[in-house]
Amino acid sequence: KKAISITSLNYSYPDGTKALDDVNIEVEQGEKIVIMGPNGAGKTTLFLHLNGIIRSDDGNVKIFGSSIGDMKVEDRIKEVGVVFAEPDDQLFMSTVYDDVAFGPLNMGLSEEEVGRRVKKALATVGLEGFEERVPHHMSFGQKKKAALAAVLSMEPRVLILDEPTANLDPKSKADLIRVINDLNRNEGVTTVIAMHDVNALADLADRVYVLNRTIVAEGTPRDIFSDPV
Ligand code: ADP
Ligand code: ADP
């Protein structure tokens with residue numbers, strides 16, 4: 001089964017803005033996909049469909065063979081985790097521990113298992129010892145890592161990241177690229193990343209989709225960016 005299968009997906013916002021026009025995307029389990037597109041291309045709208053926050057009745061979104069509209073929330077969050085571009089949209093508790101524990105607690109896991117997952121997620125992103133820190137007071141790069149940990153603690157099989165490296169210093173950027181690649185390589189996590197940064201593309205993509213309301217190109221980074229002069 002495909003990790004993600006999006007078929008003929010159309011979506012217009014209530015004000016009539018057509019954000020997605022006949023979008024088709026297929027992602028194999030374990031693939032690393034990058035979705036590129038200018039501002040307003042529909043990347044966030046697409047991710048909100050994968051998160052089940054937006055539902056379109058025009059087209060189909062399947063995760064490991066199940067239509068997302070038919071999945072129970074608790075099943076969906078085990079399959080798909082979405083990390084938003086803006087960490088402040090994701091961190092709303094008063095400590096890092098509480099933010100990273102929030103998902104697993106909602107999954108009904110035991111306190112012991114929640115504690116184990118928080119520890120593991122913080123170690124994965126390199127924030128050991130940050131449990132009692134106040135997210136609001138951390139640097140942007142630390143917040144990005146904490147927001148990722150808050151999704152990793154649910155141990156999703158598909159990880160979706162919106163602009164994971166945007167506005168980071170080179171060190172934090174390299175850290176995050178390594179974390180994402182380790183998750184893909186060592187744990188088989190399928191990754192789908194929206195980004196603008198062409199420089200990091202080769203590191204994070206087996207395959208690229210270029211989105212501009214519809215898919216305008218698809219291929220390896222080399223296919224997409226080699227100049228046919
Ligand atoms: P991207 O993430 O690629 O920048 P978005 O998915 O945010 O693109 O936006 C796609 C299109 O939908 C844009 O034209 C944007 O202005 C529009 N859009 C986004 N959110 C809304 C909304 N809540 N209501 C109306 N239009 C919206
Ligand atoms: P895009 O539409 O390409 O995601 P936006 O114009 O919406 O970009 O936002 C610019 C970026 O600035 C976002 O990725 C946002 O996460 C980031 N950002 C927000 N706060 C800060 C901050 N304090 N320092 C650096 N970058 C920030």
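Right above here is the structure, for reference.
Residues numbered from 1 in each chain as written. Chains lettered and ligands numbered in written order. Predicted model: local features only at pLDDT ≥ 70, side-chain atom pairs only at ≥ 80, totals over all residues. Heavy atoms only, no water.

Enquirer: How would you explain the pattern of salt bridges if you had to name every residue and give the values?
Expert: Throughout the structure, instances matching the rule amount to 18 salt bridges. Glutamate 113 is paired through a salt bridge with arginine 117; the nearest N and O atoms lie 2.9 Å apart. Of the two residues, glutamate 113 and arginine 117 both sit in helix H4 (residues 111–125), 4 residues apart, roughly one turn of that helix. We classify glutamate 113 as partly exposed; its relative accessible area is 21%. A relative accessible area of 11% means that arginine 117 is categorised as buried. For the salt bridge of lysine 173 with aspartate 197, the shortest nitrogen-to-oxygen distance reads 3.2 Å. A residue pair is termed long-range when its members are at least 10 positions apart, and lysine 173 in helix H6 (residues 170–187) and aspartate 197 in the loop between strand S8 (190–194) and helix H7 (201–204) qualify at 24 residues. Note on aspartate 197: relative accessible area 18%, which makes it buried. Members of the salt-bridge network, linked through shared partners, are Glu113, Arg116, Arg117, Lys120, Glu155 and Glu187. (Salt bridge = Lys/Arg side-chain N within 4 Å of Asp/Glu carboxyl O. Helix = DSSP H or I, 4+ residues; strand = E, 2+ residues; numbered from the N terminus. Buried < 20%, exposed > 50% of the residue type's maximum accessible area, 1.4 Å probe, protein only.)

Enquirer: Kindly report on the sheet that holds strand S7 (residues 158–162), identifying the contributing residues and their values.
Expert: An order of S6-S7-S8-S3-S9-S10 is seen for the 6 strands of this open sheet, with the pairing classed as mixed. In this open sheet, the two strands that pair with only one neighbour each are strand S6 (80–83) and strand S10 (214–219). In this sheet, neighbouring strand axes are inclined to one another by 20° on average, regardless of whether the strands run parallel or antiparallel. Pairing between strand S3 (residues 32–36) and S8: 4 bridges, direction parallel. Residue pairing for S8: lysine 32 is matched across the bridge by threonine 191. Packing of H6 onto the sheet brings it into contact with S3, S7 and S8, and relative to S8 it is tilted by some 150°. (Pairing = 2+ DSSP bridges. Axes fitted to C-alpha atoms, helices over the stretch in contact; angles between N-to-C directions. Contact = heavy atoms within 4.5 Å.)

Enquirer: So what's going on with the site of ligand 2? Which residues, and what values?
Expert: Around ligand 2 lies a shell formed by Asn39, Ala85, Glu86, Phe140, Glu163, Asn167 and His196. The separation between an oxygen atom of ligand 2 and a polar main-chain atom of alanine 85 is 3.2 Å. Its free accessible area being 560 Å², ligand 2 has 48% of it covered by the protein chains. Within the shell around ligand 2, the residues separate by chemical class into 2 nonpolar, 3 polar and 2 charged. (Near = heavy atom within 4 Å. Polar contact = N/O pair within 3.5 Å; in protein donor to acceptor, adjacent residues only side chain to side chain. Areas by Shrake-Rupley, 256 points an atom, 1.4 Å probe, with all protein chains shown as cover. Nonpolar A, V, L, I, M, F, W, Y, C, P; charged D, E, K, R; others polar.)

Enquirer: Could you give an account of the site of ligand 1, with specific residues and numbers?
Expert: Around ligand 1, the surrounding shell consists of Tyr13, Asp15, Thr17, Ala19, Pro38, Asn39, Gly40, Ala41, Gly42, Lys43, Thr44 and Thr45. Within the contact set of ligand 1, an oxygen atom lies 2.8 Å away from a backbone nitrogen or oxygen of glycine 40. The protein chains hide 62% of the 560 Å² of surface that ligand 1 would expose on its own. Here the shell around ligand 1 gets 3 residues from one element, more than from any other, and that element is helix H1 (residues 43–50). Partitioned by chemical class, the residues of the shell around ligand 1 number 4 nonpolar, 6 polar and 2 charged.

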